[in-house]
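# Residue-level structure breakdown
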Amino acid sequence: MEFIPVNEPLLNGNEKKYLNECIDTGWISSEGPFVSEFEKRMALLTNRKYAVAVANGTLAIDMAITALDIQEGDEVIMPTFTIISCITQIIRVGAIPVLVDSDLATWNMKVDEIESKINSRTKAIMAVHIYGLPVDMNPILNLAKKYNLKIIEDAAEMHGQTYYNNPCGSFGDISIFSFYPNKHITTGEGGMVLMNDKTLFDKCQSLRNLCFQPPRRFIHHEIGWNMRMTNLQAALGVAQIERIEYFVNKKRSIGKLYNQLLADLSEYFIFPKTELEYAQNIYWVYGLIIKPKFNISAIKMMEELNKEKIGTRPFFYPMHLQPVLKNKGMFKNENLPNSELMGEYGFYIPSGLALTEQQQQQVSVAIHKVSKILFN
Ligand SMILES: *Cc1c(COP(=O)(O)O)cnc(C)c1O
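Residues numbered from 1 in each chain as written. Predicted model: local features only at pLDDT ≥ 70, side-chain atom pairs only at ≥ 80, totals over all residues. Heavy atoms only, no water.

## Focus: the pattern of salt bridges
- In this structure the tally under the stated criterion is 12 salt bridges.
- The salt bridge involving glutamate 37 is made with arginine 41; its shortest N-O contact spans 2.8 Å. One end of the pair, glutamate 37, and the other, arginine 41, are both in helix H2 (residues 33-45), 4 residues apart, so they sit about a helical turn from each other.
- Among the salt bridges present, the one from lysine 300 reaches glutamate 304, with a minimum N-O distance of 3.2 Å. Of the two residues, lysine 300 and glutamate 304 both sit in helix H9 (residues 298-307), 4 residues apart, roughly one turn of that helix.
- On the basis of relative accessible area, lysine 300 is assigned to the partly exposed category, the value being 35%.
- Taking the relative accessible area as the measure of exposure, glutamate 304 reaches 16% and is therefore buried.
- In the salt-bridge network here, residues are joined through shared partners; they are Glu37, Lys40 and Arg41. (Salt bridge = Lys/Arg side-chain N within 4 Å of Asp/Glu carboxyl O. Helix = DSSP H or I, 4+ residues; strand = E, 2+ residues; numbered from the N terminus. Buried < 20%, exposed > 50% of the residue type's maximum accessible area, 1.4 Å probe, protein only.)

Dropping the structure here:
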């Protein structure tokens, strides 16, 4: 039996054709036509007016923080359970991340804890949709109105997902996506920021391109980045987004099959919720949380599954426990128990778009085998 990787992308649409077009025409830099085409399609998918393609999802967040003018001393409310990409630029600009715990049912930030963290320094809320189910956005949008706050929507795991039938990526002042190979749409590396405000759009375009400004190239009034996405990346993106509906359906059927195959193990694991009032899970990854009473860490379980040739990844690790941030003296007295539990006991199993039903059967056999040993 061959090793089953935790993720394998599907690249069997027009990817090759469009990449060949790039090579045949010589358009390989960010100047090529696929970049604006991909931006147009992403804007369409998310009901946004404007899109700015960038080199990866982390940079998309960096750009959002800077474009929204978040500065030293400003507070940004965000989930502790997320990837470090969400917090790095907040720290670099000298702003203060204010962390919220997770809901054990949805794995998303506890929206009802946000209001108590708002004060006169609060500038923005960053909503991060985690693993397949969207954050409950309406209460956040209401808070933003009530307290005049900016909203950043991290939809890096939510291409094609909806919240009460509105696309993820359509909410707040700026939304961001990643196109890393484990996302629903990949460009190898890649990211995007989307918005409806023209001024914000102009600012992001400028920030992406070193703040080159007319009328005289090489004279700068602001500091930017080179965050440009290449035509090669965008060619992949266009081929991928053509199949977004199929990809979302495929992810849902992967989730559904795992739900069936693993149902008899509910004594041991917390499973992802299949649906909420406002969305059906799209299983960006299929996660499992070992019930804490067994006191078996995700790492232990993953080691055993690795012996069975099953690829896994641990869940995110909460921001308030990150050594690099603790060493800066941050988050001294945080108590965010659900996120800590998820970080300790959560892991995900193979759930990429190229996964076959037969592979899922093998994963299930291995999990049953390992569970029998570990939980006895
Ligand atoms: C993947 C991901 C990112 C970062 O994207 P990269 O393209 O890998 O830099 C940011 N936020 C979330 C929630 C993600 O899942």
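## Let's talk about the environment of aspartate 202
- Take aspartate 202: it is sitting in helix H6 (residues 198-208).
- Its relative accessible area of 33% is what places aspartate 202 among the partly exposed residues.
- On a C-alpha basis, the gap between aspartate 202 and glutamate 39 in space is 14 Å, while along the polypeptide they are 163 residues apart.

Fair warning: the whole summary comes from geometry, so function is off the table for now.
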